[in-house]
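Residue-level structural notes
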Amino acid sequence: MQTGAYLSQLLKTQLHAGAAGQTSWREEFHAVVLLVDIAESSPLTERFEAEGPHGAERLNTVLDRYFGEVFDIVAAYGGDVVQIEGDAVLVVWRDGRAPNDPAGRAAGAAIALREAFDGRPLMFDVVLRHRIALAAGPITAISFQNQGERGFLVVTGTPIHELAKLAHAGDPSEIIVTESFAERLGAIATTVDNGNEFRRLISLRDIVPMIGIPPPACDEPLDTRAQRYLPRVVMERAAASEAGWMAEFRMLSVVYTHLSGLDLAAENVADRIRHAIDTMHAAIDPLFAGLFELAVGDKGVIAVVACGLPGQARENDAARAVEAARRIHASLLDHGFTSSIGVTTGRAFCGDVGNRTRRHFLVSGPLMHRGARLMQSAEGGILVDDATVRAAASAS
């Protein structure tokens, strides 16, 4: 099992440069960023769940092929898959590191992504449409870890914050770019006004050469410090030498936490985020719960706790999630952080997707979107859905 495929090249570079020996690491650089996000993924999950026991494997086959092709396309144009949040893939090209302008390569990748999936059934008559967005500018990559806890890499900056707005400024299968990105492409691209402050990329006048797909990730085991950046479920299955993964729909209780009041441009932002995450860890460790996902986007810093993942399920997962939310909220407040939290319970798809060069353990389903919406509506408090209340009551 190639655990190195679960880490981005950016993180591996940071670890090699010295980040592995530090609790936090911050690097600023100019980059081109691309976001590709599956449109209307919840109905897809619901469709295959309704098929019964074989639905999970069939959905995993679809998503494995989809993400594998996405990863192959962006790698062929020199992009690095830095972050996968839900169904959204974030790709980065460093400025000044490629023999050709990274903007042209990113635009070539975006068009290739659009054409590869435009109306084409992947399998089982499934046609996936995705939203594609492009921006450029200075970004900050922050990696941090603590002894005994999982490490994370997050990226932030104006281009990252612009991507979510860009992706929803157009229709699925359209490529939306900032005005400055369109100006940078210049005469090699055809763009049109999108009716707002953004533009739509139609085509490139020149063919952007591909640099080739990199060789498969090395089979050598990762350094122990690098392993800390892998999800616990990945490490447990790697330790058990499980080459094959069993996709499944399983009951999860999820806690979405939005950290408020963090100045993402501050010099000490890495330490501030690490302090907040350490505070969360200390609050939920007695519950045998841990962080599953961390991201920084247009909504700020979002941390996700998932109770009920493979190998980590308990009879009282819903009650644990509610208690985790309460402890997280109180502990963060005691340490000077404000938070908004959404807690939701339901069946979610869990599966391993991608290819030999880049993989991701995916958790997807309507409950993830519902949890994010509850978090956004919590306004400094905690919101819990009815399903969680019922499940927690039945376990008591």
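First, a word on scope: everything that follows refers to the structure included in this document. As the structure is a computational prediction, the values presented were derived from the model and not from experiment.

In this fold, Ala76 is placed in helix H3 (residues 55-76). Among the residues examined, Ala76 registers a relative accessible area of 6% and is labelled buried. Taking C-alpha positions, Ala76 is 28 Å from Trp25, a pair spaced 51 residues apart along the chain.

To continue, consider the side chain of His130. Tracing the backbone through its elements, the reader meets His130 in strand S4 (residues 130-144). A relative accessible area of 1% places His130 in the buried class. Engagement of the side chain of His130 in a polar contact is seen with the side chain of Tyr66, the distance being 2.9 Å. Sequence-distant contacts of His130, defined by excluding residues within four places in its chain, comprise Val36, Asp37, Ile38, Ala39, Tyr66, Leu113, Arg114, Phe117, Pro172 and Ser173.

Moving on, we come to the pattern of salt bridges. Scanning the model with the defined rule gives 18 salt bridges in all. For Asp95, the salt bridge identified is with Arg184, shortest N-O distance 2.6 Å. Residue Asp95 is found in the loop between strand S3 (88-94) and helix H4 (102-117), and its partner Arg184 is found in helix H6 (residues 179-185); the two are separated by 89 residues along the sequence. For Arg184, a relative accessible area of 32% gives the class partly exposed. Across the pair Asp101 and Arg184 runs a salt bridge whose closest N-O atoms are separated by 2.8 Å.

Each value, and the rule that gives it
Residues numbered from 1 in each chain as written. Predicted model: local features only at pLDDT ≥ 70, side-chain atom pairs only at ≥ 80, totals over all residues. Heavy atoms only, no water. Helix = DSSP H or I, 4+ residues; strand = E, 2+ residues; numbered from the N terminus. Buried < 20%, exposed > 50% of the residue type's maximum accessible area, 1.4 Å probe, protein only. Polar contact = N/O pair within 3.5 Å; in protein donor to acceptor, adjacent residues only side chain to side chain. Contact = heavy atoms within 4.5 Å. Salt bridge = Lys/Arg side-chain N within 4 Å of Asp/Glu carboxyl O.

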